[in-house]
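Tertiary structure, described
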Amino acid sequence: EIQRGSDRIMVVEDDPDVRQFIVNALVRLGYSVVSAENGPEAVEVAAAADKIDLLISDVVLPGGMTGPDVADRFLE
């Protein structure tokens, strides 16, 4: 039996097919998932969320922010 997750995960990925694949896999495992296609959108979505337990991000993103930039903003 696969252990089910209960955390909220944010997925930041500009490729819609890859993003949807990751989101679907995490949801099947029981996680609550929010997603964004670029850094500025990720910051906006995270600000509206109660909490984010884990960030999964592509490194190279459109919109003027990299994955590490997004992670830095989340840590602020």
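The present account deals with the structure reproduced in this document. Everything numeric in this text was worked out from a predicted model, so none of it was measured.

About the thresholds
- Residues numbered from 1 in each chain as written.
- Predicted model: local features only at pLDDT ≥ 70, side-chain atom pairs only at ≥ 80, totals over all residues.
- Heavy atoms only, no water.
- Core = buried A, V, L, I, M, F, W, Y, C linked by side-chain atoms within 4.5 Å.
- Buried < 20%, exposed > 50% of the residue type's maximum accessible area, 1.4 Å probe, protein only.
- Helix = DSSP H or I, 4+ residues; strand = E, 2+ residues; numbered from the N terminus.
- Contact = heavy atoms within 4.5 Å.
- Pairing = 2+ DSSP bridges.
- Right-handed = clockwise from strand over helix to strand, strands pointing away.
- Axes fitted to C-alpha atoms, helices over the stretch in contact; angles between N-to-C directions.
- Parallel < 35°, antiparallel > 145°, perpendicular 65-115°, else oblique.
- Left-handed = near helix turned anticlockwise from the far one by under 90°.
- Nonpolar A, V, L, I, M, F, W, Y, C, P; charged D, E, K, R; others polar.
- Salt bridge = Lys/Arg side-chain N within 4 Å of Asp/Glu carboxyl O.

**Topic: the nonpolar core**
One finds Met-10, Val-12, Val-34, Ala-36, Ala-42, Ala-46, Leu-61, Met-65 and Val-70 forming the largest nonpolar core, which totals nine residues. Counting residues per element, the ones that place at least two in this core are β1 (8–12), β2 (32–36) and α2 (39–48). Filtering out sequence-adjacent residues up to four positions away, Ala-36 remains in contact with Val-11, Val-12, Glu-13, Arg-19, Glu-41 and Ala-42. Within the second largest apolar cluster, five residues are counted, among which are Ile-9, Val-11, Val-23 and Val-33.

**A look at the pairing of β1**
Within β1, four of the five residues are buried, which leaves the element mostly enclosed by the surrounding structure. As paired elements, β1 and β2 share five bridges and run parallel to each other. In the sheet register, Val-11 faces β2, and the bridge partner there is Ser-35. Note on the crossover from β1 through helix α1 (residues 16–28) to β2: the handedness is right-handed. Sheet analysis places β1 next to strand β3 (residues 54–57), joined by four bridges and oriented parallel. Bridged to Val-11 within β3 is Ile-56.

**Some thoughts on the sheet that holds β1**
In a beta sheet, neighbouring strands are held together by backbone hydrogen bonds and run either parallel or antiparallel to one another. Read from one edge of the open sheet, three strands run β2-β1-β3, paired in parallel fashion. Every other strand in the sheet has two partners, leaving β2 and β3 as the edge strands with one partner each. In this sheet, adjacent strand axes meet at a mean angle of 20 degrees when their direction is disregarded. The strands touched by α1 are β1, β2 and β3; relative to β2, the strand with the most contacts, the crossing angle is about 170 degrees.

**Comments concerning the packing of α2 against helix α3 (residues 67–75)**
Pairs of packed helices are described in terms of their axes, by the angle between the two and the distance that separates them. Contact geometry for α2 and α3: axes closest at 9 Å, N-to-C directions at 25 degrees. The orientation of α2 with respect to α3, classified from their angle, is roughly parallel. Along this stretch, α2 crosses α3, giving a crossing that reads as right-handed. Facing α2, whose interface residues are Gly-39, Ala-42, Val-43 and Ala-46, α3 presents Val-70, Arg-73 and Phe-74. Across the contact of α2 with α3, the residue classes tally to five nonpolar, one polar and one charged.

**Some words on the pattern of salt bridges**
Applying the stated criterion across every chain, the model contains two salt bridges. The salt bridge partner of Lys-51 is Asp-53, with a shortest N-O separation of 3.4 Å. Residue classification places Lys-51 among the partly exposed residues on the basis of a relative accessible area of 49%. A relative accessible area of 36% means that Asp-53 is categorised as partly exposed. Between Glu-76 and Arg-73 there is a salt bridge whose closest N-O contact spans 3.7 Å. Taking the relative accessible area as the measure of exposure, Glu-76 reaches 73% and is therefore exposed.

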